[in-house]
Amino acid sequence: MALSPEQIKEAFNLFDADGSGAVDLEEMSLAMKGLGFEIPKNELLEMVKAIDKDGNSLIEFDEFEKMVTEKMSQRDSPQEVLKAFNLFDLDKTGFVTVQNMIDVTRMLGETTGPDVLKDFIKEADTDKDGKLSFKEWEAVMTAMKGK
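This text gives an overview of the structure that appears in the document.

Here the focus is the packing of aromatic side chains. One pass over the full model with this rule turns up five aromatic pairs. Measuring from centroid to centroid gives 5.6 Å for Phe-12 and Phe-61, while their planes differ by 80°, and the two rings are edge-to-face. Of this pair, Phe-12 sits in helix α1 (residues 5–15) while Phe-61 sits in helix α4 (residues 61–74), placing them 49 residues apart in sequence. Ring geometry for Phe-88 and Trp-137: centres 5.3 Å apart, planes at 45°, overall tilted. Of this pair, Phe-88 sits in helix α5 (residues 78–88) while Trp-137 is found in helix α8 (residues 134–144), placing the two residues 49 residues apart along the sequence. Assessed through its relative accessible area of 3%, Trp-137 is described here as buried. Ring pairing ties together the aromatic residues Phe-85, Phe-88, Phe-134 and Trp-137, which thus form one cluster.

Structure (structure tokens):
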């Protein structure tokens, strides 16, 4: 199951921190970190150059969608899924809470409102306990891989 166009757009809006309608190299770096990818700046620059159709050094939504879809399809390691989960499980409780999401997005320099993060948790929270277990996180990551 792949991400819906609405979910991809929501992710784009999350990482378009300045609301410009495009993601610059710095915002793309934050996006990749937020998705659990540690990509060296020079490699990220090459990725942006390769996908930046209009050559403006900014990633518009369609370019972002393609880049994220390609990167997520490459993600097949259970260790990568766990790494992303651990990034957000700041207090090491074995769960990701709305507060964890707020704290991580702030650390990444994002200005995402808590309502967007609450909606993300609510959508992925299959047992309705208000937080994401690793199993729920893994389900979201699997969906993002397009499986």
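Moving on to helix α6 (residues 98–107). By the burial criterion, the buried members of α6 are Val-98, Asn-100, Met-101, Ile-102, Val-104 and Thr-105. Looking at the residues trailing α6, positive phi occurs at Gly-109, about 85°.

It is worth spelling out the pattern of salt bridges at this point. Scanning all chains against the criterion turns up two salt bridges. The closest approach of N and O atoms between Glu-46 and Lys-49, which form a salt bridge, is 4.0 Å. Of this pair, Glu-46 and Lys-49 both sit in helix α3 (residues 41–51), three residues apart, roughly one helical turn.

A few words now on the side chain of Asp-16. With respect to the helices and strands, Asp-16 occurs in the loop between α1 and β1 (22–23). By relative accessible area, Asp-16 is classed as buried at 7%. At 3.1 Å, the side chain of Asp-16 forms a polar contact with the backbone nitrogen of Ser-20. Not counting the four nearest positions on each side in its chain, Asp-16 is found in contact with Gly-21, Ala-22, Val-23 and Glu-27.

Okay, the nonpolar core next. Counting residues in each nonpolar core, the largest one holds 35 residues, and the members touching the most others are Met-28, Met-32, Phe-64, Val-96 and Trp-137. For this core, the secondary-structure elements that each account for two or more residues are α1, α2 (25–34), α3, α4, α5, α6, α7 (114–124) and α8. Apart from the residues within four sequence positions on either side, Trp-137 is in contact with Val-81, Ala-84, Phe-85, Phe-88, Val-96, Phe-120 and Leu-132.

Attention now goes to unusual backbone geometry. At Lys-92, a position not held by glycine, the phi torsion is positive, near 55°. Along the chain, the position of Lys-92 falls in the loop between α5 and β3 (95–96). Of note, the phi angle at Lys-128 is positive, near 60°, even though the residue is not glycine. Summarising the element assignment, Lys-128 is placed in the loop between α7 and β4 (132–133).

The rules behind each value
- Residues numbered from 1 in each chain as written.
- Predicted model: local features only at pLDDT ≥ 70, side-chain atom pairs only at ≥ 80, totals over all residues.
- Heavy atoms only, no water.
- Phe/Tyr/Trp six-rings, centres within 6.5 Å; stacked < 30°, edge-to-face > 60°.
- Helix = DSSP H or I, 4+ residues; strand = E, 2+ residues; numbered from the N terminus.
- Buried < 20%, exposed > 50% of the residue type's maximum accessible area, 1.4 Å probe, protein only.
- Salt bridge = Lys/Arg side-chain N within 4 Å of Asp/Glu carboxyl O.
- Polar contact = N/O pair within 3.5 Å; in protein donor to acceptor, adjacent residues only side chain to side chain.
- Contact = heavy atoms within 4.5 Å.
- Core = buried A, V, L, I, M, F, W, Y, C linked by side-chain atoms within 4.5 Å.

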